[in-house]
Amino acid sequence: MDVVLSASLGILFLVLGFTTVFLMYHLWGYPFDEVKKLSSAPPSLMRLHRILGYLFVLLYIVMMVEMVPRMWHYQVEWPARTVAHMMFGMSIGIVLLIKLSILRFFRHFEEWMPVLGTLLLGLTITLSALSMPHAFREMVLARDAAGGDVFSEDNRARVAKLLPAAGLPDEAPLGELATVGSLQAGRSVLLRKCVVCHDLKTILTRPRSPSDWVNTVERMAIKPAFTAPISELEQWQASAYLIAISRELQRSARERRQAGLDKQSAQQAQAADPAAPVAPIDEAQALATFERVCSQCHELADIEKNPPHTADEVAAVIKRMIDENDMQAEKTELQQIEWYMTKKFAPAN
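Only a predicted model underlies this, so the values are computations on that prediction, with no experimental measurement involved.

Draft legend 1. The arrangement of the nonpolar core in detail. Judged by nonpolar contacts, the single largest core of 22 residues is most densely connected at F13, F56, L59, I92, L96 and L120. Listing elements by their share of this core, those giving two or more residues are helix 1 (3-27), helix 2 (43-71), helix 3 (80-104) and helix 4 (113-144). Once you skip the residues sitting within four places of it in the chain, L59 turns out to touch L9, L12, F13 and L16. Core analysis: the next-biggest nonpolar cluster, separate from the first, contains 20 residues, L168, L177, Y241 and L242 among them.

Draft legend 2. How the structure looks around helix 9 (residues 210-221). When the terminal C-alpha atoms of helix 9 are compared, their 17 Å separation across 12 residues agrees well with the 16 Å that a helix rising 1.5 Å per residue should span. Looking at helix 9, one finds that the buried residues are D212, W213, V214, T216, V217, R219 and A221.

Draft legend 3. Examining helix 5 (residues 153-162) more closely. Along helix 5, the positions that sit buried rather than exposed are N155, R158 and V159. Looking straight down helix 5, one finds that the buried residues subtend no more than 100° of arc, so they occupy a single side. Counted as exposed and oriented over 90 degrees from the buried face of helix 5: E153 and K161.

Draft legend 4. Local environment of a nonpolar patch on the surface. On the surface, F105, F106, F109, W112 and V115 cluster together into a nonpolar patch covering about 560 Å² of accessible area. Structurally, F105 can be placed in the loop between helix 3 and helix 4.

Draft legend 5. Structural context of the packing of aromatic side chains. Evaluation of the coordinates by the stated rule reveals 6 aromatic pairs. Judged by centre distance (5.4 Å) and plane angle (80°), the ring pair of F22 and Y25 falls under edge-to-face. Of this pair, F22 and Y25 both sit in helix 1, 3 residues apart, which is roughly one turn of that helix. Of the residues examined, F22 reaches a relative accessible area of 46% and is grouped as partly exposed. These aromatic residues form a ring-pair network of at least three members: F13, F56 and Y60.

Reading the values: the criteria
- Residues numbered from 1 in each chain as written.
- Predicted model: local features only at pLDDT ≥ 70, side-chain atom pairs only at ≥ 80, totals over all residues.
- Heavy atoms only, no water.
- Core = buried A, V, L, I, M, F, W, Y, C linked by side-chain atoms within 4.5 Å.
- Buried < 20%, exposed > 50% of the residue type's maximum accessible area, 1.4 Å probe, protein only.
- Helix = DSSP H or I, 4+ residues; strand = E, 2+ residues; numbered from the N terminus.
- Contact = heavy atoms within 4.5 Å.
- Expected span 1.5 Å × (residues − 1).
- Arc of directions from axis to C-beta.
- Patch = residues over 30% accessible without salt bridge, like charges linked within 9 Å, V, L, I, M, F, W, Y side chains within 5 Å.
- Areas by Shrake-Rupley, 256 points an atom, 1.4 Å probe, with all protein chains shown as cover.
- Salt bridge = Lys/Arg side-chain N within 4 Å of Asp/Glu carboxyl O.
- Phe/Tyr/Trp six-rings, centres within 6.5 Å; stacked < 30°, edge-to-face > 60°.

In structure tokens, the structure reads:
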């Protein structure tokens, strides 16, 4: 379900809940014949209340039909907010079932209807508070993303230019992958299948180049999973969507990196000692650092296939990984990586 449609249905669900319950409060203010079980409230208001109630039930069913199947394609262990969302959603269904049963079969419990209606409104407000802020936040982030919405014409044109050099196979429909429908499908793959094994924060923390995204998606797709495998088309769509959001990820990464550099500079300024000798680098430790840090974004075999050949190229590669992929490493770790890569790939320089 599109985020705008989901948020709109959530607002409508909340408005229906408020309207129905407060109309019920008004109707219960009219005299009631306990013997005949009839209210003296205007029939038109009674019909309106009944229509609103059925609309509320219908909207609840539509939302559950859309949302419940997602749970089987989400993470193996649900996060706390998802569990709470599920519990309140089920509670609303139980209260609705009780109310309908009283109206149809157990009218002698009718005096409980205001209590049940108030409980239903409380559950609806809580459920909306759990879900709607996140939907609105996603809408705002999309609107304020660098270059406009992820699905904007400008961003789609950028993706279309990047896809031919991203390393996709010849049979990939490059002309279709930058369309709104394809990008939305890629987003759906990310939210339905990728989160089974990864938290979204883990996926989106490090921006990557287009070819790196393609390689990463291909590498993840062949690993065992608890859901149906990701098809080739879904891999291409997910890659295109990740390329589409990379510009915003890079901007966020630059901001985080600059904040880290400012903090590091302040710490170095306080502890600077120009006369302090440079510690010798242990080759085994440098190798371990190289493997641990660099393997977070790349297969080490990829570096072997296209290695740097000079010390300057080694420095340029490390700088590019910091600038484009937001590589996180301490200063000593970067020194170890540069020393090891120079020794391995550019020993004569």
